[in-house]
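Coordinate analysis (summary)
Single-letter residue listing:
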Amino acid sequence: MKDAGFIFGSYAATLGSILVFAWVTLRRAKKSSSQVSDSDKTWL
Amino acid sequence: MSRPNKGKVFSAVLIKDLRIELRSRVLTNQVLPFAGLVMIMFAFALDNDDVLQRVAGGLIWLATLFSSLIIIQRSFAVESADHALDSLRVAGIDLAGVFFGKAIALAIKLIVLDFVLIVTAMLLYRVDLTGPGLVLLVTCVLCSATGLGFVGTLYGGLTAGAKGRETLLPLLLLPVVAPVLIAATRATEAAFASGGAQTSEGWAWVGLLAIFAAVFGVGGSLAFGPLIDE
Amino acid sequence: MSRLINSKSATGTQATRVLGLLAIVVMLWVVVSGLVFTPQDVVQGESVRIMYVHVPSAWIAYLAFILTAVASASWLIGKKHSMGFDRFAGASAEVGVMFMAITLLTGSLWGRLTWGEFWQWDPRLTTTAFLFVTYLGYLAVRRLDGSAEQRARRSAIMALLAVLEIPLVHFSVVIWRSLHQGATVLNPSGDVKLDDLMLFTLFSGVVGFTLVFFWLVLHRQRTMLLVDVVNSRGLDAAIADRRAEAGN
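Rules behind the numbers
Residues numbered from 1 in each chain as written. Chains lettered and ligands numbered in written order. Predicted model: local features only at pLDDT ≥ 70, side-chain atom pairs only at ≥ 80, totals over all residues. Helix = DSSP H or I, 4+ residues; strand = E, 2+ residues; numbered from the N terminus. Buried ≥ 20, exposed ≤ 12 C-beta atoms within 10 Å, placed from the backbone. Contact = placed C-beta atoms within 7 Å. Axes fitted to C-alpha atoms, helices over the stretch in contact; angles between N-to-C directions. Left-handed = near helix turned anticlockwise from the far one by under 90°. Nonpolar A, V, L, I, M, F, W, Y, C, P; charged D, E, K, R; others polar. Core = buried A, V, L, I, M, F, W, Y, C linked by C-beta atoms within 7 Å. Expected span 1.5 Å × (residues − 1). Bend = angle between axes of the 7 residues up to and from the residue. Parallel < 35°, antiparallel > 145°, perpendicular 65-115°, else oblique. pLDDT = per-residue confidence, 0-100. Arc of directions from axis to C-beta.

Here the focus is the overall build of chain A. Each helix and strand counted, chain A has 1 helix and 0 strands in total. Across its three principal axes, chain A shows a C-alpha extent of roughly 55 × 15 × 10 Å. Looking at chain A residue by residue over its 44 residues, the buried ones come to 23%.

Attention shifts here to the overall build of chain C. Scanning chain C from N- to C-terminus turns up 6 helices and 0 strands. Order of helices (α) and strands (β) in chain C, N terminus to C terminus: α-α-α-α-α-α. The 248 residues of chain C split such that 42% are buried. For chain C, the share of sequence-separated contacts (at least 6 apart) that also reach a separation of at least 24 residues comes to 79%.

Our focus in this paragraph is the packing of helix α7 (residues 165-176) of chain B against helix α4 (residues 123-142) of chain C. Between α7 of chain B and α4 of chain C, the least distance of the axes is 9 Å, while the angle of their chain directions is 145°. Pair α7 of chain B / α4 of chain C crosses with left-handed handedness. Here L168, L171, L172 and P175 of chain B of α7 of chain B come into contact with α4 of chain C, specifically with F130, V133, T134, L136, G137 and A140 of chain C. Looking at the contact of α7 of chain B with α4 of chain C residue by residue, the classes come out as 8 nonpolar, 2 polar and no charged.

Facing 25 residues of chain A, the contacting portion of chain C comprises 31 residues. For the side of chain A that touches chain C, the residue count by class is 12 nonpolar, 8 polar and 5 charged.

A separate point is the environment of R233 of chain C. Residues and elements named next belong to chain C. Mapped onto the elements of the fold, R233 is located in helix α6 (residues 196-247). Judged by the 14 C-beta atoms lying within 10 Å of it, R233 falls in the partly exposed class. It is 49 Å that separates the C-alpha atoms of R233 and L35, two residues lying 198 residues apart in sequence.

By a widely used convention, the size of an interface equals the accessible area lost when the partners come together. Contacts between chain B and chain C engage 20 residues on the former and 20 residues on the latter. At the level of elements, α7, α8 (178-192) and α9 (202-228) of chain B are the ones that each hand at least two residues to the side of chain B that touches chain C. Of the residues forming the side of chain B that touches chain C, the biggest block, 7 residues, is contributed by α9 of chain B. Residue classes in the side of chain B that touches chain C are distributed as 17 nonpolar, 1 polar and 2 charged.

This brings us to the nonpolar core. In summary, soluble globular proteins display a tendency toward joint burial of nonpolar side chains. L117, C140, V151, A187 and L209 of chain B together with A64 of chain C are the most contacted members of the largest nonpolar core, which has 143 residues in total. Take this core: its biggest share by element is 15 residues, from helix α5 (residues 95-124) of chain B. Look past the residues within four positions of L209 of chain B in its chain and what remains in contact with it is C140, C143, S144, G147, V180, A183 and A184 of chain B.

Here we take up helix α2 (residues 26-46) of chain B. All names here are of chain B. Helix length check: α2, at 21 residues, gives a terminal C-alpha distance of 29 Å against a target of 30 Å (1.5 Å per residue), a fit within 8%. Along its length, α2 reaches its greatest deviation from straightness, about 25°, at L32, and the proline P33 lies no more than four positions downstream. Those residues of α2 not exposed but buried are L27, V31, L32, A35, M39 and F42. Of the surrounding secondary structure, the elements contacted by the buried residues of α2 are α1 (6-24), α3 (49-81) and α5. The positive-phi residue at the C-terminal boundary of α2 is D47, with phi of around 50°.

With that settled, consider the packing of α3 of chain B against α7 of chain B. A pair of packed helices is captured by two measures, namely the crossing angle of their axes and the spacing between those axes. Residues and elements named next belong to chain B. Contact pair α3 / α7: the axes reach a minimum separation of 11 Å and the direction vectors enclose 130°. Relative to α7, the element α3 is oriented oblique. Crossing of α3 over α7 shows right-handed handedness. Along the contact surface, α3 presents L65, L69, I72 and Q73, while α7 presents E166, L169, P170, L173 and L174. By residue class, the composition of the contact of α3 with α7 is 7 nonpolar, 1 polar and 1 charged.

The phi torsion at A193 of chain B lies on the positive side, around 55°, for a residue other than glycine. Mapping A193 of chain B onto the fold places it in the loop between α8 and α9. A positive phi angle, near 45°, is found at H81 of chain C, a position not held by glycine. Examined against the element boundaries, H81 of chain C turns out to sit in the loop between α2 (51-77) and α3 (83-114).

Moving on, we come to the environment of V173 of chain C. Inspection of the secondary structure puts V173 of chain C in helix α5 (residues 148-179). Between the C-alpha atom of V173 of chain C and that of P123 of chain C, which follows or precedes it by 50 residues, the distance is 5.5 Å.

On to the confidence of the model for chain C, then. Per-residue pLDDT for chain C averages 84, and the proportion of residues at 70 or more is 90%. Note on residues 181-188 of chain C: pLDDT is under 50 here. Beyond four places in sequence and across chains, it has 6 contacts.

Note that an α-helix has 3.6 residues per turn; residues three or four places apart therefore point the same way. Residues and elements named next belong to chain B. Relative to the 27 Å expected for 19 residues at 1.5 Å per residue, α1 spans 27 Å between its end C-alpha atoms, a close match to the ideal helical length. Those residues of α1 that fall on the buried side of the exposure criterion are V9, F10, V13, L14, D17 and E21. The buried residues of α1 all sit within an arc of 125° when viewed along its axis, so they share a single face. Opposite its buried face, α1 presents the exposed residues G7, I15, R19, L22 and R23, each directed more than 90 degrees away. On its buried side, α1 packs onto α2, α3 and α5.

If you want it as structure tokens, here you go:
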């Protein structure tokens, strides 16, 4: 494929950012979750 | 005792801010020399008379924006130092009046600053000004100083007292004032006739500056009270 | 990947797990179809493949900022000042800023291939860049010290001021560019002939990115609530300590 670096780079940057954001969010959630009682978690 | 109305608050705050300036002379002793220095630094960096003449308008407004950051921070440092804003709020003063008072005081300082910058540009960068150009330039300075006064007071009030305000204010303010930089620069270039620009081309940009000032005058007077009300 | 839909995640529910799975399936399809199945474009060649991630990112970025503004206005107007609106606004802005960064990055890579330049002073690009910086400022304001109520009020007003600012920036850049017709912007995107599979892939991209957006916002919003609860608990504990001290 011509210009493969640019094209794969775009896909990698896009998916990579999404995965990193998701991972950071879930990790932070897990950290605080144990300190919060289930009654405060409105979504449960 | 009845609460003072909006007009009285406005003139009291305006006069107070200008009096503080007259007594402390921060503008004349520190900001104006800084702005002049920036204009000289531009000349060192660009090092070409033709280029300087061509870009004089842009340099004047860049210097204005950077100096305005200092003036705005100074304008709110005097308020947050003794919790003066808190006292005004507790007293139940009309905060829209405070907003307009501070904004116009700021605008007046910016007009003085721009006057000095324009004279510096005429001397150092050898730009010429004709009669119609002068009228255009004066209107342009009045409109953009008012617009910058409104936006500066709004964001200055928000960042006053916040940690890291020195770095937060430019981040918030500079994107918002981009239209002022574009419009005022084009109008000033038209007034200086740099790059063969016609004076008449500048008036549309002055119109944009007036719209900007009107939008943020209304928006600012609505938002300022809730923003500093804590 | 399985970690992301982990049933033990603190902010996950049945709904987010279904949403997450759907998002993963659609995104996998977009990647495979965008990179392998779709043909190259007559004008743009292979670089058209970047469009399958660029266009949906841009769509999500703008959607995020519209939702932030709507949620901020709802917080301000609502009598109860429900903090849910504030957290939604904040979560949506964070995810939006990320997608805006992706949009600018993939856009400039595409531009390098098609225009030969990473950047053009085109009104759409310039406004997008200003929107990005403006919302970075918004997120900085959210991080200022203060109570949750203060944060909500400040940031709601900031979001609404951005709604004033962005049209002014866009308008001034449009007339700035139209007066200074320098290099004519080569704009091949107008000539693209999309076949059915290309259109379908682009459409799936929009759907997939929207699913990802809502999955991220839901989790981020709930995480914000958790952090708020932990922080306010810390404050309550400190107040209780002081009370006990004063009582002695």
